[in-house]
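# Reading the structure
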Amino acid sequence: MIDLCVITGASRGLGYEMAKILHAQGKTLLLIARGEISIAGPNVFTCEADLSKIEAIATVMQMFEQLLDVNNLRSVSLLNNAGAVEPITFAEKCSATDTFNAISLNLSAVIQLSCGFLERTNNLACPRKILNISSGAATSAYRGWSHYCAAKAGVDHFTRCVGEEQKLHRNPALIVSFAPGVIDTQMQNTIRDTSVTDFPDLARFVELKRQGNLVSADVAAKQTLQFLQRDDLDNGQKYDIRY
Ligand SMILES: NC(=O)c1ccc[n+]([C@@H]2O[C@H](COP(=O)([O-])OP(=O)(O)OC[C@H]3O[C@@H](n4cnc5c(N)ncnc54)[C@H](OP(=O)(O)O)[C@@H]3O)[C@@H](O)[C@H]2O)c1
């Protein structure tokens with residue numbers, strides 16, 4: 001029996017660590033990122049794609065469709081994990097291109113992939129799950145992160161709407177969003193590399209790292225996947241590792 005799992009942003013950080021765990025569990029993986037993905041095996045399919053580009057969504061969906069073409073599927077999941085915090089600066093300094101890229105990756109790609117996943121799995125009888133990686137930034141207003149905050153808030157609300165829709169289905173897909181905490185990844189390096197002018201809360205994030213208060217990516221991956229195994233998840237809800 002095959003458990004098929006699509007993970008975006010699998011080249012490093014949280015996505016890479018989740019992919020490693022699922023690979024060790026023998027799942028069939030479709031892994032997506034722009035950069036090299038260093039996980040390989042007979043059950044691992046990789047797709048080099050820039051998810052801020054609309055053509056990339058079609059490519060990913062084509063590969064997904066081919067992998068669905070089996071008669072022994074036990075479960076199918078989509079982990080929308082790819083993300084970027086940039087642009088980090090005040091709104092008046094963000095160009096139209098900055099906005100387009102940030103929203104395309106952090107929000108549009110999540111929506112497009114979720115829609116494509118639901119359409120292509122609608123008639124399957126096996127469990128179907130979508131996990132959208134969110135952030136505390138979806139609800140807290142960080143100065144300098146307007147695009148990231150707006151996109152993550154959009155992801156949460158998209159998830160709520162689709163969760164309500166799925167409740168009307170005979171075999172509903174579970175869709176939830178999850179804020180995984182502050183994780184020691186490249187994204188946090190990027191945040192610490194900004195200027196206090198562009199990001200007034202910089203000192204707090206520098207301090208979190210200095211005091212060893214960031215969660216390692218492998219621990220966060222374990223926690224995130226454990227979360228997804230819970231059988232009490234409410235369709236459409238936003239969850240946060242901290243609460
Ligand atoms: N780190 C934190 O403290 C934290 C906190 C809350 C939520 N999160 C969320 O957790 C998720 C993972 O972040 P992370 O901390 O693991 O960040 P990361 O280490 O920077 O990894 C981001 C991943 O997304 C991929 N990605 C970025 N831009 C992409 C694009 N245009 N097309 C395709 N893939 C792209 C990257 O691969 P390539 O560059 O190779 O494309 C990489 O695999 C994100 O959704 C983030 O918002 C992180």
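What counts, and at which threshold
Residues numbered from 1 in each chain as written. Predicted model: local features only at pLDDT ≥ 70, side-chain atom pairs only at ≥ 80, totals over all residues. Heavy atoms only, no water. Helix = DSSP H or I, 4+ residues; strand = E, 2+ residues; numbered from the N terminus. Rg over C-alpha atoms; globule rule 2.2 N^0.38 Å. Buried < 20%, exposed > 50% of the residue type's maximum accessible area, 1.4 Å probe, protein only. Contact = heavy atoms within 4.5 Å. Areas by Shrake-Rupley, 256 points an atom, 1.4 Å probe, with all protein chains shown as cover. Lys, Arg positive; Asp, Glu negative; His and termini not counted. Charge placed at Lys NZ, Arg CZ, Asp CG, Glu CD. Phe/Tyr/Trp six-rings, centres within 6.5 Å; stacked < 30°, edge-to-face > 60°. Polar contact = N/O pair within 3.5 Å; in protein donor to acceptor, adjacent residues only side chain to side chain.

## Things to note about the overall build of the chain
Across its full length, the chain carries seven helices and seven strands. The helix and strand sequence of the chain, counted from the amino end, reads β-α-β-β-α-β-α-β-α-β-α-α-α-β. Expected size for 243 residues packed as a compact globule is a radius of gyration near 18 Å; at 17 Å, the chain falls within 12% of this value. With the principal axes as the frame, the chain shows a C-alpha extent of 55 × 35 × 35 Å. The buried share of the chain, taken over its 243 residues, is 51%. The long-range fraction of contacts in the chain, counting pairs at least 24 apart against all pairs at least 6 apart in sequence, stands at 68%. Counting every atom, the chain has about 11,800 Å² of accessible surface; 51% of that belongs to carbon and sulfur. Of note, the chain has its 23 positive side-chain charges centred 4 Å away from the centre of its 25 negative side-chain charges.

## Thoughts on the packing of aromatic side chains
Tallying each qualifying case throughout the model produces nine aromatic pairs. For the ring pair Trp145 and Phe199, a centre distance of 5.0 Å and an interplane angle of 10 degrees mean the geometry is stacked. Pair noted here: Trp145 is in the loop between β5 (128-133) and α4 (146-166) and Phe199 is in the loop between α5 (186-192) and α6 (202-210), with a separation of 54 residues, a long-range link. Exposure remark for Phe199: the relative accessible area of 0% places this residue in the buried category. Taken together, a centroid distance of 5.4 Å and an interplanar angle of 55 degrees make the contact between Trp145 and Phe205 tilted. Of this pair, Trp145 sits in the loop between β5 and α4 while Phe205 sits in helix α6, and the two are 60 residues apart along the sequence. For Trp145, a relative accessible area of 4% translates into the label buried. Among the residues examined, Phe205 registers a relative accessible area of 2% and is labelled buried. Here the aromatic residues Tyr142, Trp145, Tyr148, Phe199 and Phe205 are joined through ring pairs into a cluster of three or more.

## What to know about unusual backbone geometry
Of note, the bond from Glu86 into Pro87 is cis; its omega dihedral lies within 30 degrees of zero at 5 degrees. Turning to its location among the elements, Pro87 is positioned in the loop between β4 (73-80) and α3 (96-121).

## Digging into the environment of Lys93
Its place among the elements puts Lys93 in the loop between β4 and α3. Residues Lys93 and Gly144, spaced 51 residues apart in sequence, show a C-alpha to C-alpha distance of 9.7 Å. Discounting residues that sit within four places of it in the chain, Lys93 has contacts with Asp98 and Asp198. Only 2.9 Å separates the side chain of Lys93 from the side chain of Asp198, close enough to count as a polar contact.

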